[in-house]
Number of protein chains: 2
Amino acid sequence: MRRRAEYEKRARVIKALAHPSRLMMVDALVDGDLCVCELQKIVGSDMSTVSKHLSVLKAAGIVSDRKVGQQVHYSLRVHCILNFFECIEAVVKSAAGEQLELVR
Amino acid sequence: MRRRAEYEKRARVIKALAHPSRLMMVDALVDGDLCVCELQKIVGSDMSTVSKHLSVLKAAGIVSDRKVGQQVHYSLRVHCILNFFECIEAVVKSAAGEQLELVR
DNA sequence: GTCGTTGTTGGCAATTGTGCCAAATAGCCA
DNA sequence: TGGCTATTTGGCACAATTGCCAACAACGAC
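Because the structure is a prediction, the values reported are computed rather than measured.

J.: Outline helix 3 (residues 36–43) of chain A, supporting the account with residue identities and numerical values.
T.: V36, L39 and V43 of chain A are the residues of helix 3 of chain A that are buried. All buried residues of helix 3 of chain A lie within an arc of 60° about the axis, which places them on one face of the element. Residues of helix 3 of chain A that are buried make contact with helix 2 (20–29), strand 1 (34–35), helix 4 (47–59) and strand 3 (71–76) of chain A together with helix 1 (4–17) of chain B. In the segment just after helix 3 of chain A, G44 of chain A is the residue with positive phi, at about 75°.

J.: Break down the protein's contact with DNA strand C for me, citing the residues and quoting the values.
T.: Within the structure, DNA strand C sits among 20 residues, and C37, S48, S51 and K52 of chain A together with H53 of chain B are positioned closest to it. Take the atoms of DNA strand C that sit within 4 Å of the protein: sugar and phosphate atoms are 58% of them. Take S51 of chain A: an N or O atom from its side chain is 2.6 Å from a phosphate oxygen of DNA strand C. Interatomic distance of 2.4 Å between a side-chain N/O atom of K52 of chain A and a base oxygen of DNA strand C. Those elements giving two or more residues to the surface near DNA strand C turn out to be helix 3, helix 4 and strand 3 of chain A together with helix 4 (47–59) of chain B.

J.: Please set out the sheet that holds strand 2 (residues 63–68) of chain A residue by residue, giving values where relevant.
T.: All names here are of chain A. Strand order in the open sheet formed by three strands is 1-3-2, with antiparallel pairing between adjacent strands. For this open sheet the edge positions go to strand 1 and strand 2, each flanked by a neighbour on one side alone. Two strands pair when backbone bridges link them, and strand 1 and strand 3 are joined in this way by two bridges, in the antiparallel orientation. Bridged to C35 within strand 3 is H73.

J.: I'd like a rundown of the protein's contact with DNA strand D, residues and numbers included.
T.: In the vicinity of DNA strand D, 19 residues are found, and the nearest of them are H53 of chain A together with S48, S51, K52 and Y74 of chain B. If you look at DNA strand D and keep only atoms within 4 Å of the protein, 61% of those are sugar or phosphate atoms. Take H53 of chain A: an N or O atom from its side chain is 2.7 Å from a phosphate oxygen of DNA strand D. Interatomic distance of 2.5 Å between a side-chain N/O atom of S51 of chain B and a phosphate oxygen of DNA strand D. Secondary-structure elements contributing two or more residues to the surface near DNA strand D are helix 4 of chain A together with helix 3 (36–43), helix 4 and strand 3 (71–76) of chain B. Across the surface near DNA strand D, the residue classes tally to six nonpolar, eight polar and five charged.

J.: Lay out the nonpolar core in plain terms, naming residues and giving numbers.
T.: Ranked by size, the top nonpolar core spans 68 residues in total, and within it L17 and I62 of chain A together with L17 and I62 of chain B carry the most contacts. Excluding anything up to four places from it in sequence, I62 of chain A contacts V13, A16, L17, V26, L57, S75, L76, R77, V78 and I81 of chain A together with V91 of chain B.

J.: Residue-level account of the confidence of the model for chain A, with values.
T.: With 90% of its residues at a pLDDT of 70 or more, chain A shows a mean pLDDT of 88. Helix 4 of chain A holds the highest mean pLDDT among the elements of chain A, 97, whereas helix 5 (residues 81–103) of chain A holds the lowest, 73.

Cut-offs and rules
- Residues numbered from 1 in each chain as written.
- Chains lettered and ligands numbered in written order.
- Predicted model: local features only at pLDDT ≥ 70, side-chain atom pairs only at ≥ 80, totals over all residues.
- Heavy atoms only, no water.
- Buried < 20%, exposed > 50% of the residue type's maximum accessible area, 1.4 Å probe, protein only.
- Helix = DSSP H or I, 4+ residues; strand = E, 2+ residues; numbered from the N terminus.
- Arc of directions from axis to C-beta.
- Contact = heavy atoms within 4.5 Å.
- Near = heavy atom within 4 Å.
- Polar contact = N/O pair within 3.5 Å; in protein donor to acceptor, adjacent residues only side chain to side chain.
- Pairing = 2+ DSSP bridges.
- Nonpolar A, V, L, I, M, F, W, Y, C, P; charged D, E, K, R; others polar.
- Core = buried A, V, L, I, M, F, W, Y, C linked by side-chain atoms within 4.5 Å.
- pLDDT = per-residue confidence, 0-100.

The structure is reproduced here in structure tokens:
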């Protein structure tokens, strides 16, 4: 068994992913780097909101940023996030199946 | 690109995992079912707190419960959660590496 | 320099999450 | 039936998250 501190570190990373806008951004970044302006178009929120979401992802170590001309480009630091999504999707589908069973 | 509703579903599942106590319980359940009383020993919180955490995991479709005598046993519904942990750990380690770089 | 573009930060109100206590419930077992 | 054990629920105080607006910063273009 692991110590609580380890679970706290992990929880911090997971919490950073636990928001639909941030998930959208991470998913978009799988195909390559994007500037804040493009990410904003994708999630459709205020630029300041998008920027704050990105700072959450950055603080968790999920993305990194760099200046490119007048833009800031964000990129995924760890790509296994994709497998992760597959598993979450499995939970969602499993839950949906459960719903059907209840209706039967 | 996917619709926002899909990301909201996923975020709900991820949010359910975004707490150290709940991570501890999920990790403990990987090796087999456990009753609430044993999970309480593991996380060390009040029984009522543990019960509420479990109801969060259940609502997200991550665990299921069943009565066994006078106890309630919880079990993992989706085991790929394990790979998921590996990826999170990769992020944690990557972030730790980044810290070192900054210090250098 | 001044302007426009691109991002970040501060502040605030509203919402949501957390953890404890106390009270309620569900089943066993005498 | 009545008590006992295991668990859930209600309620409440406190902390954290979210999203918007407004203000600020950085920097290239003119």
